[in-house]
Amino acid sequence: MFKSKAALLYPFVAIVLWAGNVIVSRLSAHTIGPQAITFYRLLVAVLLMSPFVARGAWRNRRAIWPHLGPLAILGFLAMCLFQSLSYLAAETTTATNMAVFTALTPLLTVALSAALLGEPPTLGMIWGAPLSLRASSISSAAATCRRYCRTACMRATR
């Protein structure tokens, strides 16, 4: 089924990186501005990825050049705008709320693709949407329960 059992780690690593991003966003919310952290994050990403993609990109520059405008717009929307708004949100909400909204991203993508682009969802999307929604609601309910218990305990000790 899988060529390598290490392939099973890739989704886990992606989840850990996204979770780490949410936690770092929340921890750095009042230390560094959203624009600064977005800039430094992109700078580090470019420096780390350049050795792996620069040669291939240069070799394929003729194929890339006609698509440079749309790629730049998508890069801006995906990396700059999304991350800046995420870091801005981290200043006013909890890491749990941010994680819930991040978990809803696939569900919103399917819904908007169907509504705006007329793209019918695949069977995997239809199966994954309720799973994503359930995981988000469980996470949100657990966070609300923890907050309620913490508040009740603080009131009880007064």
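Definitions and cut-offs
- Residues numbered from 1 in each chain as written.
- Predicted model: local features only at pLDDT ≥ 70, side-chain atom pairs only at ≥ 80, totals over all residues.
- Heavy atoms only, no water.
- Axes fitted to C-alpha atoms, helices over the stretch in contact; angles between N-to-C directions.
- Helix = DSSP H or I, 4+ residues; strand = E, 2+ residues; numbered from the N terminus.
- Parallel < 35°, antiparallel > 145°, perpendicular 65-115°, else oblique.
- Left-handed = near helix turned anticlockwise from the far one by under 90°.
- Contact = heavy atoms within 4.5 Å.
- Nonpolar A, V, L, I, M, F, W, Y, C, P; charged D, E, K, R; others polar.
- Expected span 1.5 Å × (residues − 1).
- 1 Å grid on protein atoms, 1.4 Å probe; cavity = no way out; pocket = protein on both sides within 12 Å on 5 of 7 lines; lining within 4 Å.
- Points joined across faces, edges and corners; volume = space filled by probe spheres on them.
- pLDDT = per-residue confidence, 0-100.

### With respect to the packing of helix α2 (residues 34-59) against helix α4 (residues 68-90)
Closest axis-to-axis distance for the α2/α4 pair is 9 Å, and the angle between their directions is 135°. In terms of their interaxial angle, α2 and α4 are classed as oblique. Crossing geometry of α2 relative to α4 is assigned as right-handed. The residues of α4 that touch α2, namely those facing Pro34, Ile37, Thr38, Arg41 and Leu42, are Met79, Cys80, Gln83, Ser84, Tyr87 and Leu88. Class assignment for the residues of the contact of α2 with α4 results in seven nonpolar, three polar and one charged.

### Thoughts on helix α6 (residues 105-117)
Residues three or four positions apart in an α-helix share a direction because the helix packs 3.6 residues into each turn. Counted at 1.5 Å a residue, the expected span for α6 with its 13 residues is 18 Å, and the 17 Å between its end C-alpha atoms agrees. Trailing α6 by a residue or two, glycine 118 shows a phi angle of about 70°, which is positive.

### Overview of empty space enclosed by the protein
Applying the stated criterion across every chain yields a total of one cavity of 30 Å³ or more. Here the largest cavity is characterised by a volume of approximately 30 Å³. Lining the largest cavity are Ser25, Ser28, Ala29, Ile32, Gly33, Pro34, Ile37 and Tyr87. Split into classes, the residues belonging to the lining of the largest cavity amount to five nonpolar, three polar and no charged.

### A word on the confidence of the model for the protein chain
Of the residues in the protein chain, 95% reach a pLDDT of 70 or more, and the chain-wide mean stands at 81. Across the protein chain, the secondary-structure element scoring lowest on mean pLDDT is helix α7 (residues 123-156), at 74, and the one scoring highest is helix α3 (residues 61-64), at 94.

### Here we look at the layout of surface pockets
The volume enclosed by the largest pocket comes to roughly 530 Å³. Surrounding the largest pocket, 20 residues form its lining, Ile15, Ala99, Thr102, Ala103 and Ser132 being those nearest its centre. Secondary-structure elements contributing two or more residues to the lining of the largest pocket are α1 (9-27), α5 (95-103), α6 and α7. For the lining of the largest pocket, the element with the highest residue contribution is α7, accounting for seven residues. Residue composition of the lining of the largest pocket, grouped by class: 15 nonpolar, five polar and no charged. Quantified by volume, the second largest pocket comes out at close to 370 Å³. Leu42, Ala45, Val46, Met49, Ser50, Val53, Leu71, Gly75, Met79 and Cys80 are the residues that line the second largest pocket. For the lining of the second largest pocket, the secondary structure elements donating two or more residues are α2 and α4. Among the elements that take part in the lining of the second largest pocket, α2 stands out by supplying six residues, more than any other. Among the residues forming the lining of the second largest pocket, the class breakdown is eight nonpolar, two polar and no charged.

### Quick notes on the environment of arginine 41
If you trace the backbone, arginine 41 turns up in helix α2. In the structure, arginine 41 is positioned 56 residues away from asparagine 97 in sequence and 22 Å away in space, judged by C-alpha atoms. If near-sequence neighbours (up to four positions away) are discounted, arginine 41 is found in contact with Asn21, Met79, Gln83 and Tyr87.

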